[in-house]
Amino acid sequence: MELDVRTLMVAFSVNLFAGAIALPTIMGWRRIGIAARHAVLATGLQALGWFCLVMSTLARNEWPDRLLSTLAMGAMSANLVTLWRAIRLWTGHGQPETRSLGLIVLWMLTGLMTLGYGLGFSDYAWRVGLANGVLGLQMLMVVGAALSPSPGTHRGWRAVIAASMLLMATLTFWRGLLGAFFTESYPFLTAPHPINQLSALASSVVLLLNSMALLMAYREEAERQLREQAITDGLTGLLNRRAWTERAEALLADARRYQQPLGLMMIDIDHFKRVNDDHGHARGDQALQLVARMLREQLRSGDLAGRYGGEEFCVLLTHTREGPALSLDQRLRQCLRLESEQALGFVLEYSAGLAALGENDRTLDDLLRRADDALYEAKRAGRAQVVLAAR
């Protein structure tokens, strides 16, 4: 049976457009994260690229063919850049606001290849070799992104993308070599060469596999977000009370087992009701977010901060004795005063109770009770200060 490359290309383009419409519909565009949006955009760019490529085969003269073919190569290359970006975000190797060296290299390859393709369009061997070479290289970079170590993500969808893109990279390089050095075997886009036919057929299979893999990645992201929401306070981004308590109990058990120093600080924003009454609840929310940000900036990676309820926060200080804990309180208090005056328009203060782990602290509740008693002592003494709990 002879495979018609043009027919395969048209069928693949239709499938791409269907996928470009179905993916955001299934995921829900407003609900998906930045990684999933990159994946959807990648599918749309690929559909646009193949549409332009199919239309270029119908062009009657060189200029429409040149324009459509150049747009096709640019869109296909940009598709691989955005797919690479989606995978990097899903695997935790990138941030939405950052521009990594790999991303810069990929976009440079896209720009240079598109420009070189358009300017050298009259030289068939040049443009075919250039386009397929660059696209193949970008596909290998996608493979590398999918295979990068990522303990927090499932290997299944990454393996599917890596295998399918490795297959397409191999066929793309092969097609580029044929066009550049064995032009008589591959003299035009829809030439019935076995590699060209296999490439057109494999594209449809790869589209199906990649779509399934992207949906798997999106599901994994959605489940991770749900888990995060279950343990995180929605306003401040800190651990909620339940999650903080569970982790604090584990850290306390380790400290007792290995006889390590540990401190617990309970923080309560002073006159918080007055903040809401005088400045509005929106400003009160900003005050809570500011305290949370100050905690994240001042605490070490091993310390544990959570919103315990209302305007109250709990901080577990690992490997910390009373002296360093009191120093931390002073740094935190000073930073909060400066930042609150600039960000809120008034100085924000807090009272705190600090309890160091003692021999009689059998449970977390014991430590919390002593820190809470010290906190109320700080409030009775005039607020805006820290009181050290008696052992």
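In the block above lies the structure referred to throughout.
Residues numbered from 1 in each chain as written. Predicted model: local features only at pLDDT ≥ 70, side-chain atom pairs only at ≥ 80, totals over all residues. Heavy atoms only, no water.

Asks: What exactly am I supposed to notice about the nonpolar core here?
Replies: By size, the foremost hydrophobic cluster in this structure holds 46 residues, and its most contacted members are Met73, Ile87, Trp90, Met113, Val142 and Ile161. Elements that contribute at least two residues to this core include exactly helix H2 (34-56), helix H3 (62-90), helix H4 (101-119), helix H5 (124-147), helix H6 (155-181) and helix H7 (194-231). In terms of residue count, the dominant contributor to this core is H3 (11 residues). Those residues in contact with Met113, other than ones at most four positions away along the chain, are Met73, Ser77, Leu130, Ala131, Val134 and Leu135. One finds Phe272, Leu317, Ala352 and Val386 within the second-largest nonpolar core, a separate group that totals 29 residues. (Core = buried A, V, L, I, M, F, W, Y, C linked by side-chain atoms within 4.5 Å. Buried < 20%, exposed > 50% of the residue type's maximum accessible area, 1.4 Å probe, protein only. Helix = DSSP H or I, 4+ residues; strand = E, 2+ residues; numbered from the N terminus. Contact = heavy atoms within 4.5 Å.)

Asks: Where do I start with helix H9 (residues 272-279) in this structure?
Replies: An α-helical turn contains 3.6 residues, so a residue and the one three or four places further along point in the same direction. By the burial criterion, the buried members of H9 are Phe272, Val275 and Asn276. Axial view of H9: buried residues confined to an arc of 95°, hence all on one face. Facing away from the buried side of H9 by over 90 degrees, the exposed positions are Lys273, Asp277 and Asp278. Along its buried surface, H9 packs onto strand E1 (262-269) and helix H10 (281-298). Downstream of H9 by a residue or two, Gly280 has a phi angle that is positive, lying close to 95°. (Arc of directions from axis to C-beta.)

Asks: It is not clear to me how unusual backbone geometry should be interpreted in this structure. Could you clarify?
Replies: Trans peptide bonds make up the majority, and among non-glycine residues the majority have a negative phi. Despite not being glycine, His271 has its phi angle at roughly 50°, a positive value. With respect to the helices and strands, the residue His271 is situated in the loop between E1 and H9.

Asks: Whenever I open this one, the sheet that holds strand E4 (residues 350-356) confuses me. Can you help?
Replies: Each strand in a sheet pairs with its neighbour through backbone hydrogen bonds, running either in the same direction (parallel) or in the opposite one (antiparallel). One open sheet accounts for 5 strands, arranged E2-E3-E1-E4-E5; its pairing is mixed. Each edge of the open sheet carries a strand with a single partner, namely strand E2 (304-309) and strand E5 (386-388). On average, each strand axis in the sheet is tilted by 20° relative to the strand beside it, whichever way the strands run. Where E1 lies against E4, 7 bridges are found, and the strand directions are antiparallel. What sits directly across from Ile269, in E4, is Tyr350. Here helix H8 (residues 241-257) sits on the sheet in contact with E1, E2 and strand E3 (312-318), set at roughly 135° to E2. Relative to E4, helix H11 (residues 322-343) is tilted by about 165°, and along the sheet it contacts E1, E3, E4 and E5. (Pairing = 2+ DSSP bridges. Axes fitted to C-alpha atoms, helices over the stretch in contact; angles between N-to-C directions.)

Asks: Even after reading the chapter, I still don't get the packing of aromatic side chains, so can you show me in this structure?
Replies: How two aromatic rings sit relative to each other is set out by the distance from centre to centre and by the angle between their planes. What the rule picks out here adds up to 4 aromatic pairs. Their ring planes at 70° and their centres at 5.8 Å tell us that Trp90 and Trp157 sit as a pair that is edge-to-face. Here Trp157 lies in helix H6 and Trp90 lies in helix H3, a separation of 67 residues in the sequence. Here Trp90 matches Trp157 in class, with each residue buried. Sitting above the plane of the Trp63 ring, Arg66 keeps its charged end 4.7 Å from the centroid. In this structure, Arg333 packs its charged tip against the face of Tyr350, placed 4.0 Å from the ring centre. (Phe/Tyr/Trp six-rings, centres within 6.5 Å; stacked < 30°, edge-to-face > 60°. Lys NZ or Arg CZ within 6 Å of the ring centre and 35° of its normal.)

Asks: I would appreciate a short explanation of the environment of Glu322 in the present structure.
Replies: Topologically, Glu322 is positioned in helix H11. A residue is classified by how much of its surface remains accessible, and Glu322, at 26% relative accessible area, is partly exposed. Contacts of Glu322, omitting those with residues within four sequence positions, involve Leu354, Ala356, Leu388 and Arg391.

Asks: What am I meant to see in a nonpolar patch on the surface here?
Replies: Judged by side-chain polarity, Leu48, Phe51, Met55 and Leu58 come together as a nonpolar surface patch covering roughly 360 Å² of accessible area. Along the chain, Leu58 turns up in the loop between H2 and H3. (Patch = residues over 30% accessible without salt bridge, like charges linked within 9 Å, V, L, I, M, F, W, Y side chains within 5 Å. Areas by Shrake-Rupley, 256 points an atom, 1.4 Å probe, with all protein chains shown as cover. Salt bridge = Lys/Arg side-chain N within 4 Å of Asp/Glu carboxyl O.)

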